[in-house]
Amino acid sequence: MILVLNENYEQKQFDNLISWLKSKDFELHVSKGLESTVVGLIGDTSSLDTDMMESLDIVKLVKRVSEPYKSANRKFHPLDTVVEVGDAKIGGGNFSIIAGPCSVESEQQLCSIAESVKKSGAGLLRGGAFKPRTSPYAFQGLRQKGIDLLMAAKEKTGLPIVTEIMDISHLPLFENVDVIQVGARNMQNFELLKELGHTDKPILLKRGLSSTIDELLMSAEYIMAGGNEKVILCERGIRTFEQKTRNTLDLSAIPLLKSLTHLPIIVDPSHATGIAKLVEPMSLAAAACGADGLIIEVHNDPPHALCDGQQSLTPEAFDDLANKVRAILPYAYK
Ligand code: PEP
Ligand code: MN
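Along each chain, numbering runs from 1 in the same order as the chain's sequence is written. Labels are handed out in written order, letters beginning with A for the chains and numbers beginning with 1 for the ligands. This being a predicted model, a pLDDT of at least 70 is required before a residue's local features are given, and a value of 80 or more before pairs of side-chain atoms are given or counted; all residues contribute to the totals for chains, interfaces and linings. Excluded from the side-chain calculations are hydrogens and water; all other atoms, namely the structure's heavy atoms, are used.

S.K.: Explain the packing of aromatic side chains to me, please; I cannot follow it from the model alone.
M.R.: The description of an aromatic ring pair rests on the distance of the ring centres and on the angle between the ring planes. Side-chain rings of Phe, Tyr and Trp, where Trp is taken by its six-membered ring, are said to pair if the distance between their centres is within 6.5 Å; with planes under 30 degrees apart they count as stacked, over 60 as edge-to-face, and otherwise as tilted. With the rule as written, the count across this model stands at three aromatic pairs. Where Phe 190 meets Tyr 222, the ring centres are 4.5 Å apart and the plane angle is 25 degrees; that geometry is what we call stacked. Highlighted residues: Phe 190 in helix 5 (residues 190–197) and Tyr 222 in helix 6 (residues 213–225), separated in sequence by 32 residues. Residue exposure (1.4 Å probe, protein chains only): buried if accessible area is under 20% of the type maximum, exposed if over 50%, otherwise partly exposed. The partly exposed category is assigned to Phe 190, whose relative accessible area is 30%. By relative accessible area, Tyr 222 is classed as partly exposed at 31%. A ring is considered to have a charge above it if a Lys NZ or an Arg CZ atom is located within 6 Å of its centre and within 35 degrees of its normal. We note Lys 32 situated over the ring of Phe 14; from NZ or CZ to the ring centre the distance is 4.6 Å. Runs of H or I in DSSP of at least four residues are treated as helices and runs of E of at least two as strands, each being numbered from the N terminus.

Shown next as structure tokens:
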């Protein structure tokens, strides 16, 4: 971190700043020029708040030269992290598809979708039991019963289960869930992230609706700082001025994240676009630009789905998509 000091500071202010920084164990490099004085801080500055530093009278400008995320940073961990879930592997050149309904609705619905996506090559089954809905009057999910049905589908098909947690108090219900999803709306629920950092479950962390890439990485850092290194990042579209699609899929985030972090990154083209016919082209684009996997909503009867039918693929359309994605994987950007 570099501090540029205001001109005409008083010696006492300077001495106070230097002794405070030294008390925090930073090695300091002071360079006094004709017009300005620059203080370079050497050491782990991740706990320093740049806004607080900039608010000091003597400080004109603060510039971070290294990222505040350490565990997630590729600089300190050059090799790709591979998250293994049952037979599925995500990251490090392994591509996995997570597929299933937006919400668990019934045993018959879930099991028929699970069987068909498995046949098409999905490695994991998704399904929401606790649903974050904009309206409190919309279907909220089957909750505990939904988790039970997911377990039954896992028993039948052998597919590991991915499902969303919305509150720390529900954690005991997730004991047999294979991957815990943190949805876009909870990406910055820091207490939840800290608690998940103390579990040994893989966490699928979705990018917040209006979150930057750095914010996503800092949220991953929250989980990893607690000791859980099994984090899978998910680009699921961000809010922009565009109204024709549900969100705007930020595909550039994929190769960019690959350079910044060793964590696997998957793409959710269903929530990113909100339109079933855009799911296949965006899936192909995501695979082509180096994503480690996809999470796709599939429903046996999209027009009658209790949630997100408009963006759900039929099992047949999913089968088609999976074949096309596999065909382009050898040419994907690495
Ligand atoms: C979901 O995957 O079911 C979901 C609600 O997605 P997001 O958190 O990305 O909106
Ligand atoms: Mn959905």
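S.K.: Looking at this structure, I do not really get the site of ligand 1. What am I missing?
M.R.: Whether a residue is near a molecule or strand depends on its heavy atoms: if one lies within 4 Å, it is near. Neighbouring ligand 1 are the residues Arg 126, Lys 131, Pro 132, Glu 164, Gln 181, Gly 183, Ala 184, Arg 185, Lys 206, Arg 236 and His 271. Distance and chemistry together define a polar contact, namely a pair of N or O atoms within 3.5 Å, with one atom able to donate a hydrogen and the other to accept it when in protein, and with adjacent residues in sequence counting only for side-chain atoms on both sides. The side chain of Arg 126 places a nitrogen or oxygen atom 2.8 Å from an oxygen atom of ligand 1. Here an oxygen atom of ligand 1 and a side-chain polar atom of Arg 185 are 2.9 Å apart. In isolation ligand 1 has 300 Å² of accessible area, and contact with the protein removes 97% of it. For this classification, Asp, Glu, Lys and Arg are treated as charged, while Ala, Val, Leu, Ile, Met, Phe, Trp, Tyr, Cys and Pro are nonpolar and the rest, including Gly, are polar. Taken together, the residues of the shell around ligand 1 break down into two nonpolar, three polar and six charged. For the area figures, the Shrake-Rupley method with a 1.4 Å probe applies, and any residue is considered shielded solely by the protein chains shown.

S.K.: I'm lost on empty space enclosed by the protein in this one. Help?
M.R.: To find the voids left in a structure, one rolls a probe of water-molecule size over its atoms. For cavity detection a 1 Å grid was placed over the protein atoms alone, and a set of points counts as a cavity when a 1.4 Å probe fits there but cannot get out; an open set counts as a pocket when protein lies on both sides within 12 Å along at least five of seven lines, with lining residues being those that have an atom within 4 Å of a point. Grid points are joined across faces, edges and corners, and a volume is the space filled by probe spheres set on the points. All chains considered together, the criterion is met by one cavity of 30 Å³ or more. Considered as a void within the structure, the largest cavity measures approximately 40 Å³ in volume. Lining the largest cavity are Arg 126, Gly 127, Gly 128, Phe 130, Lys 131, Val 162, Thr 163, Glu 164 and Gln 181. If one sorts the elements of the lining of the largest cavity by residue count, strand 9 (residues 161–165) sits on top with three residues. Residue composition of the lining of the largest cavity, by class: two nonpolar, four polar and three charged.

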